[in-house]
Structures are given as C-alpha cells and as structure tokens.
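Commentary on secondary and tertiary structure
This is what each chain is made of:
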Amino acid sequence: MQCKVLFAAIMCLAAGVASADAAANTAADKAPQCAPTPRDCVALALAAMGGRERIEAVKGLSLEGIQHTLLVEQSYRQEPFITAYARTQEKIDFTTQRMLIQTHLTWPESDPGQSESDNTLVVGPEGGVYRSEKSDSPASRADIEAARYALTLGPMRLLLTALGAADLRFDTAQRLRSTLHPVVSFTWQSRPVRVLINPFNHLPDAVETVAVFYDHWYQWGDVRQRIYWDNWQTVHGIRYPTNEVEERNGILWESRQVLKVDLDPPTDAGTFKLDTQLAPKGLQSPGWEQPFKAGKGVTLAPGITLYPGSWNATVVKQDDGIVLLESPLSGSYISGVIDEAKQQSPGQPIKTVLSTSDSWPHVGGVRQVVALGLPVYILDLNKPLLDRLVASPRRLHPDLLARSARQPKWRVVSQKVVVGAGANRMELYPLRGASTERQYMVYFPEHKLLYASDTLALDADGSLYAPELMREVMDAVKRENLEVTTVFAMHQGPVPWTQVTGLVERALN
C-alpha cells in the first residue's frame, strides 16, 4: 500500500513538473512580440539598449577583454578541442571606420617557453596591416573582414545598420534558450543577417549570418555563424553585452569576455596609423585560393618529386599512373599540382590521391579531387569529417564539386594498405598516437623513405618542433618493423632519419 501511495505521489509530482514546463513553453510561445513593423521592432531594441540618439552619439570604444578559441582546424583528437587563449585591447573609431586590436596570445601547441606572442592589427577603409616596431606588413583578409564585421555588426552598430537596410523585414521566429524570439533580417554586403530579439526585454540576444570566411573556416564554404550576446552591463546609460559566444556550423568556437568598456576614449593621431600602400594588399591576396608554384622540385627518389613550400605536395610516378601525396589548401592549389604532374608526365593519368590527416588546410583540396572523380585514400577516423566537408554547401562561391555533384570514392585506411606496385609502391600505416590519432604515414619500402604526415618540422635553429609528435612516429615505425633512412612531411623537406631520432631523444630525455 505504501508503495502505491509513494508511486502515486511521484507520478503526481512528475505530472506537475510536466504541466509547469508546458505552461512555460506556452507562455514563451505567446510572449509579447515585437512592434507591428520591423523598423519599430528595431527601435524597441535600441530603446532597450539606451536609446537610438545615445547610441548614435558614441563615436568610439575602448575594450579590454579575454577570449578562448577552440583549435577545431588542427589535426589532433577532435572534440573536445585544444584551446588557445588571448588577452585583447581594442580601440574603435566609428566615425573613420578604423580599429586597433592588440593581442597577447597563448598558443598551447608551442614548444616550451615559446607559447606567448603579441600582435597588433590596424584596420581602416583601405585595408589593414600588422604593426611592428620595425615596419608594417599586410594583414590577412580574414582579420580585415573580422574587423569590418565588428565595426558594422558589433553591439554598438548592429541595430543602426539594420535600420539603414533597404530590405529590413521580419523573418521566421526562432526559439533560443527555450524562448520564441521574433527575428528581423536584412542583407549586408550580400550577406544575410538575422537578429534574434528577446520578446520580454527587447534586447538583441543573438545575430546570425551565412558567409564565406577567410580564416581556417574557408574550407567549409557557406558557414552558418551565430554570435550570442549576454552579460549586459550599463555604461553611461548604454547597455552593452560584455560576453560574446560565437558559434560556427553548430560548434561553439570562440568566447570573448569584455572586462572593461570605455565610451569615446581619447586617441592621438598615431593610434590608427597604417601604411596606406601595404594596407590594401591583404584584400588583394588570393588567400587559400593561392596558385601552386612548382618552382624546382626535389627528387627524393627516381619518380618521386617533392614540391616544397608552406604546404608541400609530392608527385609519385608508378607504372600505371601518378599518385598525388596530399591535396592541401584549396581547389586552385591542388589543380596547380595536377597540372604540374601532367606536364612532367604527359599522357600518364592521375590515378589516386593520398590525404593523410584531418587538419583543415591539409584537406582543403579534397573537394576538387572528388569533383574530378579521383579515388582518395583517407584514414578511417577522418571519414565522418570528410563526408561533412564534401557535403558542405557552396552556394555563395560555387566550386567544381558544387557544380558537378559527384560522390566521393573513398579508400579507407584502417590498417596497412599497399598502393601500387614496383619500385615506387607505397605502404600506408595509421599512426594511432595520442596526438597523431588522425594521421597516417606513407612508407616507400624500396627507398626506405617515410612521409610523416603533419608531425615533422625543424625550427630555424635546427631543433625539433613538438618532438612528442615525432616520438609517436618513431613508435609506429618500430611497431610496423620499418627500416627508415630518410623522412619528410607536409611542412618539412627530407631529413636523415637518424638526425630526427637523435633530436627526439635529446628533447625528451
């Protein structure tokens, strides 16, 4: 009897909770919406932030903050991701559309004692530069575009930008944090922008866009971005969101917390000074679509040619065709590699491509080779990511795959795989290390030559960058009973194996 009473009480309590939840959802669904027109809705949001006139009167900002960024593009063990940290100081001049960002970065993958670095970015209407004591250098397009976004769609200007848009309109309401939000949308520089406005307090809770980014997210084409605003603080009558969390393609990628906000800070003539000759060059750069420059190839063995650069590519001639070792960066880059291979071996077909890691810049050309119908050898653990990469949308800047709609021809590597025959046959081996889990190595048995994927790089002083990576390669070589004389990698030309093993032993013992 007691059990029945207790069970009935529990069921009653559960029903009460469910009823409360349903009531809360109903209240949210029927929560006060925005004003009758989208302009009135934006005006309510401006009033909630302190008023349009007061916000328009702000000509500049000074911000001090901290941020952490997930290194989603790196070839390690995927989620949960390794994190980089930064302290930032920003000055913004809305009148002249200029911005100064000073960043102190802590990079977790660095060698001991080398994880800290400083960077100063200055952006204006003409472009941007990185400032140093000696001279300026052109800023990347990614950093310039990010600054321009902040100047126009950041907290102090988003709603004013919306009011100035000719196509401002209501969009489909969207649920955020269990609350149905009215949404206003407009277009900025051909980019769709959606603003989610809280139905109770009328503050903008989030802003969404779809865009092609020019940082490491470039490889994903049309990226869905959402920036959440929270932790509102009142500064001289204006409410400012001191916390921003940025989500890209559903990944909570970066969090930024403002520790100090100053309105209209004093600035001198040199604050936003930049070299006007250098500033536009970052915008003129092809970025990830840079052309492949063959230069003079390095012969590693007869029929095996390494084309060194920031992103190495290797062409391997076999009896029945050519194998490309890696397809980095972009469609433009790997197309250049293919053209060079055909020029060096007229009449020989490109028969397959090896893609040895999941680092986004390393797989940036995979979509191009899939579009060409070429088989691609990939690691088993990387298949889900590469499936998503191949399926990622490219409506804003359609590439060859978007126009051809081919399906990938994956050759999945989960254990030893032999590619080709003869003197230049290759053996593929998963590394399976703690930091190299998403990579495989390529061994040329006839030449005792090893390609170590993304694990080997010598610093300027001849020391070994991140020796733990090469220790894991040494473990795999020992496990597979390979005899290695020479080793090379994505970012390193050929090095004697004994030299590398000696560097590892000295670094780790």
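Details of the structure are given in the entry above.
A few points on the structure. (Residues numbered from 1 in each chain as written. Predicted model: local features only at pLDDT ≥ 70, side-chain atom pairs only at ≥ 80, totals over all residues. Heavy atoms only, no water.)

**Re the overall build of the protein chain**
Across its full length, the protein chain carries 12 helices and 26 strands. C-alpha atoms of the protein chain, sized along the principal axes, occupy 85 × 75 × 50 Å. Going through the 509 residues of the protein chain one by one, you find that 52% of them count as buried. When contacts within the protein chain are restricted to residue pairs at least 6 apart in sequence, those whose partners lie at least 24 apart make up 60%. When the accessible surface of the protein chain is totalled, it reaches about 23500 Å², and 52% of it is carbon and sulfur. Placing the 51 positive and 56 negative side-chain charges of the protein chain at their respective mean positions leaves the two points 5 Å apart. (Helix = DSSP H or I, 4+ residues; strand = E, 2+ residues; numbered from the N terminus. Buried < 20%, exposed > 50% of the residue type's maximum accessible area, 1.4 Å probe, protein only. Contact = heavy atoms within 4.5 Å. Areas by Shrake-Rupley, 256 points an atom, 1.4 Å probe, with all protein chains shown as cover. Lys, Arg positive; Asp, Glu negative; His and termini not counted. Charge placed at Lys NZ, Arg CZ, Asp CG, Glu CD.)

**Description of the state of the cysteines**
Taken as a whole, this structure holds one disulfide when the rule is applied. Covalently, C34 is tied to C41 through a disulfide, its sulfur atoms 1.8 Å apart. Looking along the S-S bond of the C34-C41 disulfide, the torsion reads about 60°, which is the right-handed sense. Across this residue pair, the class does not change: C34 and C41 are buried. (Disulfide = S-S within 2.5 Å.)

**Notes on the packing of aromatic side chains**
Scanning the entire structure with this criterion turns up nine aromatic pairs. Their ring planes at 80° and their centres at 6.1 Å tell us that W217 and W253 sit as a pair that is edge-to-face. With a gap of 36 residues between them, W217 in the loop between β10 (204–211) and β11 (223–235) and W253 in strand β13 (residues 251–263) connect regions that are remote in the sequence. Members of the aromatic cluster, joined through ring pairs, are W217, W220, W253 and W360. (Phe/Tyr/Trp six-rings, centres within 6.5 Å; stacked < 30°, edge-to-face > 60°.)

**Quick look at the sheet that holds strand β17 (residues 321–325)**
Taking strand neighbours across the sheet as the criterion, the seven strands line up as β14-β15-β16-β17-β18-β19-β20 in an open arrangement whose pairing is mixed. Looking at which strands have only one partner, the edges of the open sheet turn out to be β14 (298–301) and β20 (409–413). Neighbouring strand axes in the sheet, compared pairwise and without regard to direction, differ in orientation by 25° on average. For β14 and strand β15 (residues 304–307), the ladder comprises three bridges, and the chain directions are antiparallel. Bridge pairing in β15 links A301 to I304. Of the strands in this sheet, β15, β16 (313–318), β17 and β18 (350–354) touch helix α7 (residues 331–344), which is tilted by about 145° from β17. Contacting β19 (375–379) and β20, helix α9 (residues 383–391) runs over the sheet at an angle of about 165° to β20. (Pairing = 2+ DSSP bridges. Axes fitted to C-alpha atoms, helices over the stretch in contact; angles between N-to-C directions.)

**Notes on the sheet that holds strand β24 (residues 449–451)**
Spatial ordering of the open sheet is given by β21-β22-β23-β24-β25-β26, a layout of six strands whose pairing is mixed. If you trace the sheet from one side to the other, it starts and ends with β21 (417–419) and β26 (492–496), each paired once. Each neighbouring strand pair of the sheet contributes to a mean axis angle of 25°, computed without reference to strand direction. Of the strand pairs in this sheet, β21 and strand β22 (residues 426–430) are connected by three bridges, and their pairing is antiparallel. Across the sheet, residue V419 finds its bridge partner in β22, namely M426. Strand contacts of helix α11 (residues 467–479): β22, β23 (440–444) and β24, with the helix running at about 55° to β23, the strand carrying the most contacts. Here helix α12 (residues 497–508) sits on the sheet in contact with β24, β25 (486–489) and β26, set at roughly 90° to β26.

**Quick look at the pattern of salt bridges**
Opposite charge on two side chains makes pairing possible when the charged atoms of those side chains draw close. Following the criterion strictly, the structure yields 26 salt bridges and no others. The partner of R256 in a salt bridge is E254, with the nearest N and O atoms 2.4 Å apart. The exposure classification of R256 matches that of E254, with both residues buried. Linking D320 and K351 is a salt bridge whose minimum nitrogen-to-oxygen distance equals 2.7 Å. Pair noted here: D320 is in the loop between β16 and β17 and K351 is in strand β18, with a separation of 31 residues, a long-range link. Overlapping salt bridges bring together D215, E244, E246, R248, E254 and R256 as one network. (Salt bridge = Lys/Arg side-chain N within 4 Å of Asp/Glu carboxyl O.)

**Details of the packing of α11 against α12**
For the pair α11 and α12, interaxial distance at closest approach is 9 Å and the crossing angle is 120°. Considered as vectors, α11 and α12 are oriented oblique to each other. In the packing of α11 onto α12, the handedness of the crossing is left-handed. Counted together, P467, E468, M470, R471, V473, M474 and V477 of α11 and W497, V500, T501, V504, A507 and L508 of α12 form the full contact between these two elements. (Parallel < 35°, antiparallel > 145°, perpendicular 65-115°, else oblique. Left-handed = near helix turned anticlockwise from the far one by under 90°.)

**Considerations on the pairing of strand β4 (residues 116–124)**
The side chains of a regular strand alternate, first on one face of the sheet and then on the other. In this sheet, β4 lies alongside strand β3 (residues 98–106) in antiparallel orientation, the contact comprising eight bridges. Among the inter-strand pairings, L105 is bridged to a residue of β4, identified as S117. Relative to strand β5 (residues 127–130), β4 is paired through four bridges, and the arrangement is antiparallel. Bridge pairing in β5 places L121 opposite Y130. Hairpin geometry of β4 and β5 is characterised by an intervening segment of two residues between the two adjacent antiparallel strands.

**Concerning the nonpolar core**
One recurring pattern in soluble globular proteins is that nonpolar side chains are buried together. Core analysis: the largest hydrophobic core is formed by 65 residues, its most contacted members being L324, L354, M426, L428 and V442. Looking at this core, the element that brings in the most residues is α7, giving five residues. In this view, L354 contacts V323, L324, L325, E326, S327, Y377, V419, M426, L428, Y440 and V442; residues no more than four positions away in its chain are not counted. Formed by 49 residues, the second largest nonpolar core is a distinct cluster that contains I92, M156, V207 and V261. (Core = buried A, V, L, I, M, F, W, Y, C linked by side-chain atoms within 4.5 Å.)

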